[in-house]
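Chain by chain, the residues:
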2 protein chains.
Amino acid sequence: MQDVAKLANVSIATVSFTVNNTKPVSPATRARVEAAMQELGFRRNAVGRALASKRTHILALLYPALQHRFRGTVVDFFTSAASTANEHGYNLVLWPAANDAELDELTSTGLVDGVLLMEVQVEDPRVEQLQASKTPFALIGRTADPSALDYVDIDFENTIAAAIDHLAGLGHTSIGLLDGGLGRGQLRGYGPVVRARAAFAETMAARGLTAYSTSCDESPGAGREAATRLLDDAPGMTGLLIMNEHAAPGLVSGLRHRGISVPDDLSVLLIASSREMAAMNDPELTVMSAPSIELGRRGVELLIDHLNGRSDHDRHALVMCAFEQGNSTAPPRHPAA
Amino acid sequence: MQDVAKLANVSIATVSFTVNNTKPVSPATRARVEAAMQELGFRRNAVGRALASKRTHILALLYPALQHRFRGTVVDFFTSAASTANEHGYNLVLWPAANDAELDELTSTGLVDGVLLMEVQVEDPRVEQLQASKTPFALIGRTADPSALDYVDIDFENTIAAAIDHLAGLGHTSIGLLDGGLGRGQLRGYGPVVRARAAFAETMAARGLTAYSTSCDESPGAGREAATRLLDDAPGMTGLLIMNEHAAPGLVSGLRHRGISVPDDLSVLLIASSREMAAMNDPELTVMSAPSIELGRRGVELLIDHLNGRSDHDRHALVMCAFEQGNSTAPPRHPAA
DNA sequence: CTGTTAGCGCATTCAA
DNA sequence: TTGAATGCGCTAACAG
């Protein structure tokens, strides 16, 4: 910066002013400074700026380490959040936190301006820690009562309702929900499952439909077992929502091995997954695809707005999954009278 | 830090020494300093340290934006690299670079100490840019001639050979390879495909086996089409290597729809994927699973060693995929005489 | 073994 | 509209 200033015959302060548009600079000197910067290939040093301005322009994507491995659909979060951050002049650092110490380091070393919290549980201790630390943060997901927090999340309520309506519209009256379970240990109370179950029960009751609900681990093997269990426990069921993209292929092939045809004998609708994952099944599943990319983007933007003191935006965003027709949903073989 | 120094009755420098173990400190004063740090909950500011030491302890994971979306197996890279970095006191920032400007910013703003380069092509312009910029970097993957570079990669040569030997050992003599294609545009010359093809051709020739090679896009739909094509073009083939985890489910179900049974009529071996992806198929595929986690870890460690001037380690690491038996490989129905 | 001191590269206040 | 000077929090000589 010294060099630029010298070459442009201005002070180092003026260079700073023109770079940051922080004070009026006459067109003439601005031109000289910019020319000098060009010539020297100048890029202002990020660390110096961070120290002086107390803003690193680094955001952390905080996710729980040691827990379930990330599903196919989740990568999109990572990359979309990173890209959005870049577009706004920020950087995104991956922050795997397995324990309090790592969370402590996150908030107290001054490395990051803000935090994006993923895989939020209904009761999430990390939220309180972040609040106590005064670190600005936004959630991708929601706690039980998130009204005072900034968050973006899938609109499970409306997504589930739309899913049910799709099947009900085809004539199904007995519909099941297979989810990935509430988890154990630290992952207990995983928000999406909690909300999906509640929405399912409520909507089914409101529509006067027969509901069946169960869960299995997030693996094809568990899905295969679930197929058997479902056929035994809910014989009259003709429609099934699956919110467990990893179990889906096992479920579908398990059904096939039991002589059950999808969609002729059972309509299957995958929830909160992606078209790609749906296409890995045979038949290709109809899917409500998760807005991963949009959530990543909006989460970052929400956080950045917060950092800039712009809280005029809505602090809460719920985004529905998008319906994508596949070959796994059809009217039931014996429509209800 | 001032506060800590005051509380411990030492100079600020002494605090720095004990924190960094950079100079001998007497046990007594060390104890006092540590006590003071405890009491004040002191964590040294990352930005101050970075500015003074010219080391940010931030690494960038550089990946091509705008290109193919990341496959299931790739997330493990991200998280494993991030975790490893953390263990060594580093942070990992996601760096999606779609153009030269973003690469320029990476190398010239002083934000990162080193770069991990993913999705390397055989001829990769980014490598030259990084070299020109004097930024330390390591590759996950390899260019055509990587001898002068630090890299970790899958050992495609031995993996392919092991895969062929598995099938040959079962009695197969006519074996195909289905890969994801060399790609177009910027992704042209994607290393894994180039190397796998070469290794396949070479090993098949060395074993005196009949080889057939083709490719299709990375999608289940393309896999379904490929099934038909394969049956028409290579009717005598009894074994197939698939290095295209996204097409595999379509391939397998396509075969089923054509009345071809796996493994009875055709043995299928998935390459450089994961057990999880293999399990999404029916039958569950035998797989050579990619060492994604290890590659992420070793890539980071290689880079950090480099940063610390420890180049005594091997600068090159090739890791084989691990064989995991599934239900998709068996002796051919009509073993060769 | 410990203290003093000079920057690291930049943003920003205060004068001019 | 511009310049001079101060300091962000810490590391690393250099002295002692």
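Residues numbered from 1 in each chain as written. Chains lettered and ligands numbered in written order. Predicted model: local features only at pLDDT ≥ 70, side-chain atom pairs only at ≥ 80, totals over all residues. Heavy atoms only, no water.

Remarks on the overall build of chain A
Step number 1: What chain A contains, in helices and strands, is 13 helices and 12 strands.
Step number 2: For 337 residues, the compact-globule estimate of 2.2 N^0.38 gives 20 Å, and the C-alpha radius of gyration of chain A, at 25 Å, exceeds that figure by more than 25%.
Step number 3: Considered along the principal axes of its C-alpha atoms, chain A spans approximately 85 × 40 × 35 Å.
Step number 4: Here chain A contributes 29 positively and 39 negatively charged side chains, and the mean placements of these two sets differ by 6 Å. (Helix = DSSP H or I, 4+ residues; strand = E, 2+ residues; numbered from the N terminus. Rg over C-alpha atoms; globule rule 2.2 N^0.38 Å. Lys, Arg positive; Asp, Glu negative; His and termini not counted. Charge placed at Lys NZ, Arg CZ, Asp CG, Glu CD.)

Some words on the pattern of salt bridges
Step number 1: Throughout the structure, instances matching the rule amount to 36 salt bridges over all chains.
Step number 2: Here R142 of chain A ties to E157 of chain A by a salt bridge, and the two come within 3.7 Å at their closest N and O atoms. Placement of R142 of chain A in the loop between β4 (137-140) and β5 (151-154) and of E157 of chain A in helix α8 (residues 156-170) is noted, with a sequence separation of 15 residues between them.
Step number 3: D165 of chain A is the partner of R207 of chain A in a salt bridge, and the nearest nitrogen-oxygen pair spans 2.7 Å. Of this pair, R207 of chain A sits in helix α9 (residues 191-207) while D165 of chain A sits in helix α8, placing them 42 residues apart in sequence.
Step number 4: Residue classification places R207 of chain A among the partly exposed positions, given a relative accessible area of 38%.
Step number 5: You can call D165 of chain A partly exposed: its relative accessible area is 35%.
Step number 6: Taken together, the shared-partner salt bridges in this structure form one network comprising R256 and D282 of chain A together with R256 and D282 of chain B. (Salt bridge = Lys/Arg side-chain N within 4 Å of Asp/Glu carboxyl O. Buried < 20%, exposed > 50% of the residue type's maximum accessible area, 1.4 Å probe, protein only.)

Examining empty space enclosed by the protein
Step number 1: Counted under the stated rule, the structure contains 6 cavities of 30 Å³ or more.
Step number 2: Only α11 (248-257) of chain A together with α11 (248-257) of chain B provide two or more residues apiece to the lining of the second largest cavity.
Step number 3: Partitioning the lining of the second largest cavity into residue classes produces 6 nonpolar, 4 polar and 4 charged. (1 Å grid on protein atoms, 1.4 Å probe; cavity = no way out; pocket = protein on both sides within 12 Å on 5 of 7 lines; lining within 4 Å. Points joined across faces, edges and corners; volume = space filled by probe spheres on them. Nonpolar A, V, L, I, M, F, W, Y, C, P; charged D, E, K, R; others polar.)

Points about the sheet that holds strand β6 (residues 174-179) of chain B
Residues and elements named next belong to chain B.
Step number 1: If you walk across this open sheet you meet the 6 strands as β7-β6-β8-β9-β10-β12, and the pairing is mixed. Looking along the sheet, the strands with just one partner apiece sit at the ends: β7 (210-215) and β12 (322-324). For this sheet the average axis-to-axis angle between neighbouring strands, irrespective of direction, equals 20°.
Step number 2: As paired elements, strand β8 (residues 239-243) and strand β9 (residues 267-273) share 4 bridges and run parallel to each other. Pairing of L241 across the sheet is with L269, part of β9.
Step number 3: Contacts from helix α10 (residues 220-233) reach β6, β7 and β8, with the element oriented near 150° to β7.
Step number 4: Contacts from α11 reach β6, β8 and β9, with the element oriented near 150° to β8. (Pairing = 2+ DSSP bridges. Axes fitted to C-alpha atoms, helices over the stretch in contact; angles between N-to-C directions. Contact = heavy atoms within 4.5 Å.)

Thoughts on the relation of the copies chain A and chain B
Step number 1: Each copy superposes on the other: chain A lies on chain B with an RMSD of 0.1 Å after a rotation of 180° and an axial shift of 0.1 Å. Overall, the copies show the geometry of a two-fold rotation axis. Identified as the residue of chain A closest to the rotation axis by C-alpha distance is V93 of chain A, at 2.0 Å.
Step number 2: A high fraction, 100%, of the interface residues of chain A reappear at the interface in chain B, so the copies pair face to face through one surface. (Least-squares fit on C-alpha atoms with pLDDT ≥ 70 in both.)

Comments concerning the interface of chain A and chain B
Step number 1: With 49 residues of chain A in contact, the opposing surface of chain B contributes 49 residues.
Step number 2: When the two sides are added together, the surface that chain A and chain B hide from each other amounts to roughly 4200 Å², 58% of it contributed by carbon and sulfur.
Step number 3: Its largest share of buried area at the contact with chain B, chain A owes to R43, V47 and M280 of chain A, together 16% of the area lost on that side.
Step number 4: Run the count over chain A and chain B and you get 4 salt bridges.
Step number 5: If you list the elements that add at least two residues to the side of chain A that touches chain B, you get α4 (46-53), β1 (58-64), α5 (75-87), β2 (91-97), α6 (100-108), α10 (220-233), α11 and α12 (275-279) of chain A.
Step number 6: Its residues assigned to classes, the side of chain A that touches chain B comprises 23 nonpolar, 14 polar and 12 charged.
Step number 7: Across 3 bridges, β2 of chain A lies against strand β2 (residues 91-97) of chain B in antiparallel orientation. (Buried area = accessible area lost by both parts, 1.4 Å probe.)

Some details on the sheet that holds strand β9 (residues 267-273) of chain A
Residue and element names in this part refer to chain A.
Step number 1: Judged by pairing direction, the sheet is mixed, and its 6 strands sit side by side in the order β7-β6-β8-β9-β10-β12 without closing on themselves. Each of the sheet's edge strands pairs with one partner strand only, and the pair in question is β7 (210-215) and β12 (322-324). The average angle at which neighbouring strand axes cross in this sheet is 20°, direction not considered.
Step number 2: Its contacts with the sheet put α8 on β6 (174-179), β8 (239-243), β9, β10 (286-289) and β12, and the angle it makes with β9 is roughly 165°.
Step number 3: Of the strands in this sheet, β6, β8 and β9 are in contact with α11, which crosses β8 at around 150°.

Digging into the state of the cysteines
Residues and elements named next belong to chain A.
Step number 1: Under the criterion given, the structure shown has 0 disulfides over all chains.
Step number 2: The closest cysteine sulfur to the non-disulfide-bonded C216 is located on C321, 18 Å from its own sulfur.
Step number 3: Since its relative accessible area comes to 4%, C321 is described here as buried. (Disulfide = S-S within 2.5 Å.)

A few points about the side chain of D153 of chain A
Step number 1: You can see D153 of chain A is positioned in strand β5.
Step number 2: Once residues within four sequence positions are removed from consideration, D153 of chain A is found in contact with G141, R142, R195, L295, A317, L318 and V319 of chain A.

Comments concerning the side chain of E119 of chain A
Step number 1: Here E119 of chain A is to be found in the loop between β3 (114-117) and α7 (125-133).
Step number 2: Under the relative-accessibility criterion, E119 of chain A is labelled buried at 5%.

Overview of the packing of α8 of chain A against α9 of chain A
When two helices pack together, their arrangement is given by the angle between their axes and by how far apart the axes lie.
Residues and elements named next belong to chain A.
Step number 1: Running from N to C, α8 and α9 point in directions that differ by 45°, and their axes come no closer than 8 Å. Overall, the two elements α8 and α9 adopt an arrangement that is oblique. Here α8 and α9 pass one another in a crossing that is right-handed. Contacts between α8 and α9 involve F156, E157, I160, A161, I164 and D165 from the former and P192, R195, A196, A199, F200, T203, M204 and R207 from the latter.
Step number 2: Its residues assigned to classes, the contact of α8 with α9 shows 9 nonpolar, 1 polar and 4 charged. (Parallel < 35°, antiparallel > 145°, perpendicular 65-115°, else oblique. Left-handed = near helix turned anticlockwise from the far one by under 90°.)

Structural notes on the protein's contact with DNA strand D
Step number 1: Within the structure, DNA strand D sits among 27 residues, and S11, T14, S26 and T29 of chain A together with N45 of chain B are positioned closest to it.
Step number 2: Of what DNA strand D places within 4 Å of the protein, 74% of the atoms are sugar or phosphate.
Step number 3: T14 of chain A is positioned with one of its side-chain polar atoms (N or O) 2.5 Å from a phosphate oxygen of DNA strand D.
Step number 4: In this structure, a base nitrogen belonging to DNA strand D sits 3.2 Å away from a main-chain N or O atom of G48 of chain B.
Step number 5: The set of elements that each furnish at least two residues to the surface near DNA strand D consists of α2 (12-20) and α4 of chain A together with α2 (12-20) and α4 (46-53) of chain B.
Step number 6: Looking at side-chain class alone, the surface near DNA strand D contains 13 nonpolar, 10 polar and 4 charged residues. (Near = heavy atom within 4 Å. Polar contact = N/O pair within 3.5 Å; in protein donor to acceptor, adjacent residues only side chain to side chain.)

Observations concerning the nonpolar core
Within soluble globular proteins, side chains that are nonpolar generally end up buried alongside one another.
Step number 1: Counting residues in each nonpolar core, the largest one holds 95 residues, and the members touching the most others are L241 of chain A together with L241 of chain B.
Step number 2: If near-sequence neighbours (up to four positions away) are discounted, L241 of chain B is found in contact with A163, I164, L167, I175, G176, L177, L178, F200, L269 and I271 of chain B.
Step number 3: Grouped together as the second largest cluster of nonpolar side chains are 40 residues, V93 of chain A together with A46, A60 and W95 of chain B included. (Core = buried A, V, L, I, M, F, W, Y, C linked by side-chain atoms within 4.5 Å.)

Brief notes about the packing of aromatic side chains
Step number 1: Scanning the model with the defined rule gives 3 aromatic pairs over all chains in all.
Step number 2: An aromatic cluster is defined as three or more aromatic residues linked by ring pairs; in this entry it consists of Y63 and F78 of chain A together with Y63 and F78 of chain B. (Phe/Tyr/Trp six-rings, centres within 6.5 Å; stacked < 30°, edge-to-face > 60°.)

Observations concerning the pairing of β6 of chain A
The side chains of a regular strand alternate between the sheet's two faces.
All names here are of chain A.
Step number 1: Among the 6 residues in β6, 6 count as buried, and that is most of the element.
Step number 2: The alternating pattern of β6 places S174, G176 and L178 on one face and I175, L177 and D179 on the opposite face, and all of these are buried.
Step number 3: Relative to β7, β6 runs parallel, the two being bridged by 6 bridges. Each bridged residue has a counterpart across the sheet, and for D179 the counterpart in β7 is S215.
Step number 4: Pairing analysis gives 5 bridges linking β6 to β8, with the strands arranged parallel. Following the sheet pairing, G176 is matched in β8 by L240.

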